[in-house]
Amino acid sequence: MSIRGGVSMAIERARSIGCTAMQMFVKNNMQWFARPLRPEEIRAFLNHVQRGELSSIFGHANYLINLAATNPQFHANSIRALSEELVRADQLELPFLVLHPGAHLGAGEEAALEKIVNSIDEVLRKIPHVKTKIALETTAGQGSCLGYRFEHLAYITANVRELQRLVVCLDTAHLFAAGYDIGSETSARKTLREFDRVIGRDRLVAIHLNDSKTARGSRVDRHEHIGKGRIGLDAFRFIMRDRRFRKIPKVLETPKGKELREDVINLKTLRTLAGKQCRSSNAEINPNA
Ligand code: ZN
Ligand code: FE
Ligand code: FE
């Protein structure tokens, strides 16, 4: 959700369309650095009357960060930017900040994974008091991006010094583009079993629900509206209905305009798949909806 006009505006936007979970950036996502959050901005966010209406609010790191950057200046910027964003996320009491592991840019996957591990250690060492965790996201594997195999994330979590400060986020469009089969309930179950075996389901803290414009295994990351892409509704129905995902916050990262009409439609599609009506209109009939 956009933070245009200040971080607390994201809460209002989310609630205006009936969201119960929200992902936000903690600063302009196309800039390396920003002035620190002002105390009054933090207060406006934390004390917002509608904040409690969202059962989960978490952050997404900016897209410039690459912990495997080969250019020393970009790498230094990445370390600093991630540290600063984790501090901001912590000030807003966000439980975790979603991060793409990084891109090797020709250096090779093994060298890059090693560099990512060392970079995470360095970042976390700089901010020992910060409670916001890093949530590594599975990626589509576009270009030289790592994270398109569960094994990449498993390598990172197995080798960082502070394992307890690292969690994982799944993205359906990324899984699909990376080549994982989630097209039917059976295949989605199988992919989840593999995730469980390689990474561990206990590390999963969030799911990005996006359909994919691109084919399975294309390694191209193009999000599409739910049901309008190549994944098919079965995968989304399974995720919306399976008990194991019930407590995991799910957010959309589908294309949207200023009015958020696309979000409203995608939310409705997902809630219908879950066997629910819109929460706001159904709350009195079924308190568990
Ligand atoms: Zn992401
Ligand atoms: Fe995502
Ligand atoms: Fe993506």
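Just so it is clear, the structure is predicted and the values come from calculations on it, not from any experiment.

### What to know about the coordination of the zinc ion (ligand 1)
Of the protein atoms, only His60 (NE2), His100 (NE2) and Glu137 (OE) coordinate the zinc ion (ligand 1), at distances of 2.1 Å. Within one chain, the residues serving as donors to the zinc ion (ligand 1) are arranged as H-x39-H-x36-E. A spacing of 3.2 Å is found between the zinc ion (ligand 1) and the iron ion (ligand 2), which share glutamate 137 as a donor. Placement of histidine 60 in strand β2 (residues 56-60) and of glutamate 137 in strand β4 (residues 133-137) is noted, with a sequence separation of 77 residues between them. Assigned by exposure class, histidine 60 and glutamate 137 land together as buried.

### Considering empty space enclosed by the protein
The full count for this structure, using the stated rule, is one cavity of 30 Å³ or more. The space that makes up the largest cavity amounts to roughly 140 Å³. For the largest cavity, the lining is made up of 14 residues, of which Leu170, Leu175, Ile182, Ala188 and Ile239 are closest to its centre. Sorting the residues of the lining of the largest cavity by element identifies α6 (172-178), α7 (185-198) and α8 (233-241) as the ones contributing at least two each. Per-element accounting of the lining of the largest cavity gives the leading share, four residues, to α7. Of the residues in the lining of the largest cavity, the class split is twelve nonpolar, two polar and no charged.

### Description of the packing of helix α3 (residues 72-91) against helix α4 (residues 109-126)
In a packed pair of helices, the relevant descriptors are the angle between the two axes and the axis-to-axis distance. Across the interface, α3 lies against α4 with an axial gap of 10 Å and an inter-helix angle of 45 degrees. Here α3 lies oblique to α4, going by the angle between them. For the element pair α3 and α4, the recorded crossing hand is right-handed. Residues His75, Ile79, Arg80, Leu82, Ser83 and Leu86 of α3 form the contact with α4, whose own contacting residues are Lys115, Ser119, Glu122, Val123, Leu124 and Lys126. Per-class residue counts for the contact of α3 with α4 are five nonpolar, three polar and four charged.

### Side note on the packing of helix α5 (residues 150-159) against α7
Between α5 and α7, whose axes approach to 9 Å, the crossing angle comes to 20 degrees. Accordingly, the angle class assigned to the pair α5 and α7 is roughly parallel. You can see that α5 and α7 cross each other, and the crossing is right-handed. Contacts from Phe150, Glu151 and Ala154 in α5 reach Thr191, Glu194, Phe195 and Val198 in α7. Broken down by class, the residue content of the contact of α5 with α7 amounts to four nonpolar, one polar and two charged.

### Here we look at helix α2 (residues 39-46)
Those residues of α2 that sit buried are Glu41, Ile42 and Phe45. The buried side chains of α2 occupy one side of the element, clustering within an arc of 100 degrees when seen end-on. Each element contacted by the buried residues of α2 is listed here: α1 (7-16), β1 (21-25), β2 and α3.

### Considering the nonpolar core
Counting 77 residues, the largest nonpolar core has Met22, Met24, Leu82, Leu86, Ile120, Ile134 and Ile156 as the members making the most contacts within it. Of the residues forming this core, the biggest block, seven residues, is contributed by α4. Leaving out residues up to four positions away in the same chain, isoleucine 120 has contacts with Leu67, Ile134, Leu136, Ile156, Val160 and Leu166. Among the nonpolar cores identified, the runner-up in size contains ten residues, and Ala21, Phe58, Ala135 and Cys169 belong to it.

### Here we look at the environment of valine 130
Secondary-structure assignment places valine 130 in the loop between α4 and β4. Looking at valine 130, the relative accessible area reads 5%, which means it is buried. Taking the C-alpha atoms as reference points, valine 130 and alanine 89, 41 residues apart in sequence, are found 8.9 Å from one another. Once residues lying within four places of it in the same chain are set aside, the contact partners of valine 130 are Leu86, Val87, Asp90 and Arg165.

### Quick notes on the packing of aromatic side chains
Here the structure, examined in full by the defined rule, presents seven aromatic pairs. Measuring from centroid to centroid gives 5.3 Å for phenylalanine 150 and phenylalanine 195, while their planes differ by 80 degrees, and the two rings are edge-to-face. Residue phenylalanine 150 is located in helix α5, and its partner phenylalanine 195 is located in helix α7; the two are separated by 45 residues in the primary sequence. Both rings, one in phenylalanine 238 and one in phenylalanine 245, keep their centres 5.9 Å apart while their planes meet at 90 degrees; by these two values the pair is edge-to-face. Note on accessibility: phenylalanine 238 and phenylalanine 245 belong to one class, buried. An aromatic cluster of at least three residues, connected via ring pairs, comprises Trp32, Phe33 and Phe74.

The rules behind the values
Here the residue numbering is sequential within each chain, running from 1 through the sequence in written order. The order in which chains are written sets their letters, starting at A; the order in which ligands are written sets their numbers, starting at 1. At least 70 in pLDDT is required for a residue's local features to be given in this predicted model, at least 80 for side-chain atom pairs to be given and counted, and no such filter applies to totals for whole chains, interfaces and linings, which use all residues. Side-chain descriptors were evaluated using all non-hydrogen atoms of the structure, hydrogens and water having been removed beforehand. Distances decide who is a donor: an N, O or S atom must be within 2.8 Å of the metal, or within 3.2 Å for Na, K and Ca. Water is not included, so sites may look incomplete. Working definition: helices are DSSP H or I runs of at least four residues, strands are E runs of at least two. Numbering for both runs from the N terminus. Under the scheme applied here, a residue whose accessible area is under 20% of the maximum for its type counts as buried, over 50% as exposed, and between as partly exposed, the area being computed with a 1.4 Å probe on protein chains only. Cavity and pocket criteria rest on a 1 Å grid covering protein atoms alone: a 1.4 Å probe that fits but cannot get out defines a cavity, protein on both sides within 12 Å along at least 5 of 7 lines defines an open pocket, and an atom within 4 Å of a point defines a lining residue. Grid points are joined across faces, edges and corners, and a volume is the space filled by probe spheres set on the points. By the convention adopted, Pro, Cys, Tyr, Trp, Phe, Met, Ile, Leu, Val and Ala count as nonpolar, Lys, Arg, Asp and Glu as charged, and the other residues, Gly among them, as polar. To get an axis, a line is fitted to the C-alpha atoms, and for a helix only the part in contact is used. The angle between two axes follows their N-to-C directions and goes from 0 to 180 degrees. In what follows, roughly perpendicular refers to angles from 65 to 115 degrees, roughly parallel to angles under 35, roughly antiparallel to angles over 145, and oblique to any angle outside these ranges. Crossing handedness is defined as follows: a turn of the near helix away from the far one that is anticlockwise and smaller than a right angle gives a left-handed crossing, while the clockwise case is right-handed. Residue contacts follow a heavy-atom distance rule, with two residues in contact if any of their heavy atoms lie within 4.5 Å. This arc corresponds to the set of directions leading from the helix axis out to the C-beta atoms. Put simply, buried Ala, Val, Leu, Ile, Met, Phe, Trp, Tyr and Cys residues joined by side-chain atoms within 4.5 Å make one nonpolar core. Any two of the Phe, Tyr and Trp rings considered here, Trp counted by its six-membered ring, make a pair once their centres fall within 6.5 Å; the pair's planes then place it as stacked at under 30 degrees, edge-to-face at over 60, or tilted in between.

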